[in-house]
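The residues making up each chain are set out below.
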Amino acid sequence: KDRASFRAFCQQHITPHADQWDREAALPSELIRKMGEQGLFGLFLEEEYGGGARDMVTFGLANEEIGRGCSSSRSLLTVHGMVCYALQRWGSRDQKKAWLPKLACGDLFGAFALSEPEVGCDAKSIGTSAVADGETWVLNGVKKWITFGQIADLFLVFAQQDGKPLALLVERDNPGLQIEPIGGMLGTSAS
């Protein structure tokens, strides 16, 4: 039933427009709103946070069907899903209550910030540093290839603290955060 629903959604709302979105290098906000209404952004999240409480196989089927029509649309599910999963699995109770309901319905979007220009996605070799400053953190570094970074509201940023990898939630409006779009992509241009 779920797979058929995902396929029908894709055939109606995604497949006919995917080439155009790729040329325009952006997904329309109307599609993103419809994906949220369909429950795609919170499929595996617990009901307590507005999610669908589906298993990961169902989430995989959603990615397969959406990706069949447009890899950029699937990329949104994937990176947003990685942030949601990490927050649900390792976030504090307060973090979950603050972020997951908004992420589940698509009011806010998450992006996964691991890759760096010089080291790719090797978490042990990243150069971004995190230094504790009271109850906050100071991050210094550069990330690259952050899928949907242009629309993300919350970034899961990976850094090094005393030689060990650390992941921090960073809101878009944090001082010092700069976002620069990357153009001329060869594939998944709408992401």
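Presented here is an overview of the structure given in this document.

Here we look at the overall build of the protein chain
A tally of helices and strands in the protein chain yields six helices and five strands. In the protein chain, the succession of helices and strands from N to C terminus is α-α-α-α-α-α-β-β-β-β-β. Taking 191 residues into account, the globule formula puts the C-alpha radius of gyration at 16 Å, and the protein chain, at 17 Å, falls close to it. Considered along the principal axes of its C-alpha atoms, the protein chain spans approximately 50 × 40 × 25 Å. Each of the 191 residues in the protein chain was classed as buried or not, and the buried ones make up 39%. In the protein chain, of all internal contacts separated by at least 6 residues, the share reaching a separation of at least 24 is 63%. Of the roughly 10600 Å² that the protein chain leaves accessible, carbon and sulfur atoms contribute 50%. In the protein chain, which carries 19 positive and 24 negative side-chain charges, the distance between the mean positions of the two groups comes to 5 Å.

A few points about the layout of surface pockets
Here the second largest pocket defines a volume of roughly 210 Å³. Around the second largest pocket, the lining residues are Ala86, Leu87, Trp90, Gly91, Gln95, Leu156, Phe158, Ala167, Leu168 and Leu169. Each residue belonging to the lining of the second largest pocket can be placed in one class, and the counts come to eight nonpolar, two polar and no charged.

Concerning helix H1 (residues 2-13)
Because each turn of an α-helix spans 3.6 residues, side chains separated by three or four positions end up pointing in the same direction. In a regular helix each residue adds 1.5 Å, so 12 residues correspond to 16 Å; H1 covers 16 Å between its end C-alpha atoms and thus fits that length. Each element contacted by the buried residues of H1 is listed here: helix H2 (18-24), helix H3 (29-37) and helix H4 (56-69).

Overview of the environment of Asp173
Secondary-structure assignment places Asp173 in the segment after strand E5 (164-171). Distance from Asp173 to Leu154, taken between C-alpha atoms, is 9.1 Å for residues 19 residues apart in sequence.

A short note on the pairing of strand E2 (residues 129-133)
When E2 meets strand E3 (residues 136-140), the two strands line up antiparallel, connected through five bridges. From the neighbouring strand, Ala132 faces E3, where its bridge partner is Trp137. Count of turn residues in the E2/E3 antiparallel hairpin: two residues, of which Gly134 carries a positive phi of about 70°.

Side note on the environment of Val79
As for its placement among the helices and strands, Val79 is situated in helix H5 (residues 71-90). Val79 gets classed as buried once you look at its relative accessible area, which sits at 8%. As for Val79 and Trp21, which are separated by 58 residues in sequence, their C-alpha atoms are 19 Å apart. Residue contacts for Val79: discarding those within four places in its chain leaves Gly110, Thr147 and Phe148.

What about the nonpolar core?
By size, the foremost hydrophobic cluster in this structure holds 33 residues, and its most contacted members are Ile14, Leu27, Leu40 and Leu103. In terms of residue count, H5 provides more of this core than any other element does, five residues in total. Listed in part, the seven residues of the second largest apolar core include Ala111, Ile146, Val157 and Val170.

Description of the packing of aromatic side chains
Using the criterion set out here, one finds five aromatic pairs in the structure. Their ring planes at 85° and their centres at 5.1 Å tell us that Phe41 and Phe109 sit as a pair that is edge-to-face. On the criterion of sequence distance, the pair formed by Phe41 in the loop between H3 and H4 and Phe109 in the loop between helix H6 (93-105) and strand E1 (110-113) is long-range, its members being 68 residues apart. A single burial state applies to Phe41 and to Phe109, both of which are buried. With 5.1 Å between their ring centres and 55° between their planes, Phe112 and Phe158 make a pair best called tilted. In this pair, Phe112 is assigned in strand E1 and Phe158 in strand E4 (residues 154-161), connecting sequence segments 46 residues apart. On the basis of relative accessible area, Phe112 is assigned to the partly exposed category, the value being 22%. Ring pairing ties together the aromatic residues Phe44, Phe59, Tyr85 and Trp90, which thus form one cluster.

Each value, and the rule that gives it
- Sequence order as written defines the numbering, with residues in each chain counted from 1.
- Local features in this predicted model are restricted to residues of pLDDT 70 or higher, and side-chain atom pairs are both shown and tallied only at a pLDDT of 80 or more, whereas totals for entire chains, interfaces and linings draw on every residue.
- With hydrogens and water stripped out, all remaining heavy atoms of the structure feed into the side-chain values.
- Per the convention used, a helix needs a DSSP run of H or I reaching at least four residues, while a strand needs a run of E reaching at least two, with both numbered from the N terminus.
- Radius of gyration: C-alpha atoms only; globule rule: 2.2 Å multiplied by the number of residues to the exponent 0.38.
- Buried, partly exposed and exposed residues are distinguished by accessible area as a fraction of the type maximum, computed with a 1.4 Å probe on protein chains only: under 20%, between the cut-offs, and over 50%, respectively.
- Note on definitions: a residue-residue contact is assigned when non-hydrogen atoms from the two residues lie within 4.5 Å.
- What sets the accessible areas is the Shrake-Rupley method with a 1.4 Å probe; for residues, cover comes only from the shown protein chains.
- Neither His nor the chain termini are counted; the positive set is Lys and Arg, and the negative set is Asp and Glu.
- Where a charge sits is defined by one atom per residue type, namely NZ (Lys), CZ (Arg), CG (Asp) or CD (Glu).
- Definitions used throughout: a 1 Å grid over protein atoms alone; a cavity as a set of points that fits a 1.4 Å probe which cannot get out; a pocket as an open set with protein on both sides within 12 Å along at least five of seven lines; a lining residue as one with an atom within 4 Å of a point.
- Grid points are joined across faces, edges and corners, and a volume is the space filled by probe spheres set on the points.
- Under the scheme applied, nonpolar residues are Ala, Val, Leu, Ile, Met, Phe, Trp, Tyr, Cys and Pro; charged residues are Asp, Glu, Lys and Arg; polar residues are all the others, including Gly.
- Residue count minus one, scaled by 1.5 Å, sets the expected span of a helix.
- Pairing between strands is defined by DSSP: at least two bridges between the two strands are required.
- We call a set of buried Ala, Val, Leu, Ile, Met, Phe, Trp, Tyr and Cys residues a nonpolar core when their side-chain atoms join them within 4.5 Å.
- The criterion for an aromatic pair is that two Phe, Tyr or Trp rings (for Trp, the six-membered ring) have centres within 6.5 Å, with stacked assigned to planes under 30 degrees apart, edge-to-face to planes over 60 apart and tilted to the rest.

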